[in-house]
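Structural characterization, general
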Protein chains: 2
Amino acid sequence: MVKAALRQGALPDLLGYRLRLAQQAAFRDFAASVQGLSPGRIGLLILIDANPGVTQSRLAEAVRRDRSTMVGVIDLLEGRGLVERRRGDDRRTNGLWLTRAGHMLLARALRRIAEHERRIASRLSPAERRRLLELLGKISP
Amino acid sequence: MVKAALRQGALPDLLGYRLRLAQQAAFRDFAASVQGLSPGRIGLLILIDANPGVTQSRLAEAVRRDRSTMVGVIDLLEGRGLVERRRGDDRRTNGLWLTRAGHMLLARALRRIAEHERRIASRLSPAERRRLLELLGKISP
DNA sequence: ACAATCTGTTGGGCATCCAAACAATCTTAC
DNA sequence: GTAAGATTGTTTGGATGCCCAACAGATTGT
């Protein structure tokens, strides 16, 4: 018994909806591949790696989250031994650095992410992929 | 005092990341415009409108959520008088219909959503917008 | 020196979602 | 026909991710 698909109404024409669908599809694939850390967490590792010593507030600002949200996330990453907090010159701040384990995990994750990217872009030609990134850039600059 | 932006590392080249950025940007704009119901909730109203009498399970399947998740959502929509559950011929099922109030709210929401779409696509030409929808379709068919 | 501001933190709360178990109901096999 | 199995909506419990308000310690501006 094959069930007919639901009628989609106006949804397929809505950018917001289609972005959500694509993002959820990518998320599911990611969750199945880079086990243990969510896309957002890995993203933080990438940002810390590219900006060693960055403070929690600057990081929160970069990903548009509240400062208080960042506390728990960094607690988690620090608890797993991936990130280190160091007292800054301005002694209100914590500078963030990847630990040796953090660097190693990130390197491994980046290889998984490369496969992940290949899967989600498998129906796109390289030119289409570039075009998609370009058009997405016009939505969230 | 102008703070330099963080270095982004490999992130800007990752489709998953850019999709998340765009989706979050769209979500923020939506939240600010269609007050009271989230994009997902409005999406359900659209689906029920396009498929009157659809069961909760079929609806859950369509949006890739668990049946148990749907219960609370429909409770909410029913509690606001937007949706009605009716016992189906198969008496295990609930058929879902929009109420009169549901139809009216949806009509109003669709106008807000049209403005929302215009805003988030404001940097895209009509051709670029169509192209973006087409490329997104290759990621989540 | 003193008020204003900034940083990380805590605690409370909200929204969204899944998994397991259950009763009522329907379907399938015999 | 009837017993076994499958499906539907539901309840309960828990996980996740996020924000806001308030706070102490530190810094900055006047």
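Below, the structure is looked at part by part.

Parameters and conventions
- Residues numbered from 1 in each chain as written.
- Chains lettered and ligands numbered in written order.
- Predicted model: local features only at pLDDT ≥ 70, side-chain atom pairs only at ≥ 80, totals over all residues.
- Heavy atoms only, no water.
- Pairing = 2+ DSSP bridges.
- Helix = DSSP H or I, 4+ residues; strand = E, 2+ residues; numbered from the N terminus.
- Near = heavy atom within 4 Å.
- Polar contact = N/O pair within 3.5 Å; in protein donor to acceptor, adjacent residues only side chain to side chain.
- Contact = heavy atoms within 4.5 Å.
- Expected span 1.5 Å × (residues − 1).
- Buried < 20%, exposed > 50% of the residue type's maximum accessible area, 1.4 Å probe, protein only.
- Least-squares fit on C-alpha atoms with pLDDT ≥ 70 in both.
- Axes fitted to C-alpha atoms, helices over the stretch in contact; angles between N-to-C directions.
- Parallel < 35°, antiparallel > 145°, perpendicular 65-115°, else oblique.
- Left-handed = near helix turned anticlockwise from the far one by under 90°.
- Nonpolar A, V, L, I, M, F, W, Y, C, P; charged D, E, K, R; others polar.
- Salt bridge = Lys/Arg side-chain N within 4 Å of Asp/Glu carboxyl O.
- Phe/Tyr/Trp six-rings, centres within 6.5 Å; stacked < 30°, edge-to-face > 60°.
- Lys NZ or Arg CZ within 6 Å of the ring centre and 35° of its normal.

**Remarks on the pairing of strand β3 (residues 94-98) of chain B**
Residue and element names in this part refer to chain B. Examined bridge by bridge, strand β1 (residues 54-55) and β3 share two bridges and lie antiparallel to one another. Looking at β3, one finds that Thr-55 is bridged to Gly-95. Across five bridges, the pairing between strand β2 (residues 83-87) and β3 is antiparallel. Pairing of Arg-85 across the sheet is with Leu-96, part of β3. With antiparallel pairing between neighbouring strands as the criterion, β2 and β3 make up a hairpin whose turn holds six residues.

**Topic: the protein's contact with DNA strand D**
Around DNA strand D, a shell composed of 20 residues is seen, among which Arg-41, Asp-66, Ser-68 and Thr-69 of chain A together with Ser-57 of chain B lie nearest. When the atoms of DNA strand D within 4 Å of the protein are grouped by moiety, sugar and phosphate amount to 68% of the total. Backbone polar atom of Arg-91 of chain A to a phosphate oxygen of DNA strand D: 3.2 Å apart, as the coordinates give it. A distance of 2.9 Å separates a base oxygen of DNA strand D from a polar atom in the side chain of Arg-92 of chain B.

**Here we look at the environment of Glu-84 of chain A**
Residue and element names in this part refer to chain A. Along the chain, the position of Glu-84 falls in strand β2 (residues 83-87). Along the primary structure Glu-84 and Ile-74 are separated by 10 residues, whereas in three dimensions their C-alpha atoms are 8.7 Å apart. If we skip the residues at most four places from it in the chain, Glu-84 touches Glu-78, Gly-95, Leu-96, Trp-97 and Thr-99.

**Some points on helix α2 (residues 39-50) of chain B**
All names here are of chain B. With 12 residues, α2 extends 16 Å between its outermost C-alpha atoms, agreeing within 8% with the 16 Å of an ideal straight helix rising 1.5 Å per residue. Most of α2 is tucked away: nine of the 12 residues are buried. Of all the residues in α2, the buried ones are Pro-39, Ile-42, Gly-43, Leu-44, Leu-45, Ile-46, Leu-47, Ile-48 and Ala-50.

**Focus: the relation of the copies chain B and chain A**
Mapping chain B onto chain A is achieved by rotating through 180 degrees and translating by 0.0 Å along the same axis, at an RMSD of 0.1 Å. The transformation relating the two chain copies, once decomposed into turn and shift, fits a two-fold axis. A share of 100% of the interface residues of chain B reappears at the interface of chain A, consistent with the copies meeting face to face through the same patch.

**Remarks on the packing of α2 of chain B against helix α5 (residues 100-120) of chain B**
All names here are of chain B. It is at 11 Å that the axes of α2 and α5 come closest, and there the two elements cross at 120 degrees. In terms of their interaxial angle, α2 and α5 are classed as oblique. The interaxial crossing formed by α2 with α5 has left-handed handedness. Mapping the contact onto sequence places Ile-42, Leu-45, Ile-46 and Asp-49 in α2 and His-103, Leu-105, Leu-106, Ala-109, Leu-110 and Ile-113 in α5. Its residues assigned to classes, the contact of α2 with α5 shows eight nonpolar, one polar and one charged.

**Remarks on the pattern of salt bridges**
Opposite charge on two side chains makes pairing possible when the charged atoms of those side chains draw close. As enumerated under the stated definition, the model contains 18 salt bridges over all chains in all. Among the salt bridges present, the one from Arg-92 of chain B reaches Asp-90 of chain B, with a minimum N-O distance of 2.7 Å. Residue Arg-92 of chain B is classed as exposed on the basis of its relative accessible area of 75%. Each member of the salt-bridge network shares a partner with another, and the members are Asp-75, Glu-78 and Arg-85 of chain A.

**Concerning the packing of aromatic side chains**
If you walk through the whole model with that rule in mind, you get zero aromatic pairs over all chains. Residue placement shows Arg-86 of chain A over the ring face of Trp-97 of chain A; its charged tip is 4.1 Å from the ring centre.

**What about the side chain of Asp-29 of chain A?**
Following the sequence through the fold, Asp-29 of chain A ends up in helix α1 (residues 15-33). Excluding anything up to four places from it in sequence, Asp-29 of chain A contacts His-116, Arg-119 and Ile-120 of chain A.

**A few points about the protein's contact with DNA strand C**
The immediate surroundings of DNA strand C are formed by 22 residues, with Ser-57 of chain A together with Arg-41, Arg-65, Thr-69 and Arg-91 of chain B found nearest. Among atoms of DNA strand C positioned within 4 Å of the protein, sugar and phosphate together represent 68%. Within the side chain of Arg-85 of chain A, a nitrogen or oxygen atom sits 3.0 Å from a phosphate oxygen of DNA strand C. A distance of 2.9 Å separates a phosphate oxygen of DNA strand C from a polar atom in the backbone of Arg-91 of chain B. Listing elements by their share of the surface near DNA strand C, those giving two or more residues are α3 (56-62) and α4 (67-79) of chain A together with α4 (67-79) of chain B. In terms of residues, the surface near DNA strand C owes the most to one element, α4 of chain A, which gives three residues. Residue classes in the surface near DNA strand C are distributed as one nonpolar, nine polar and 12 charged.

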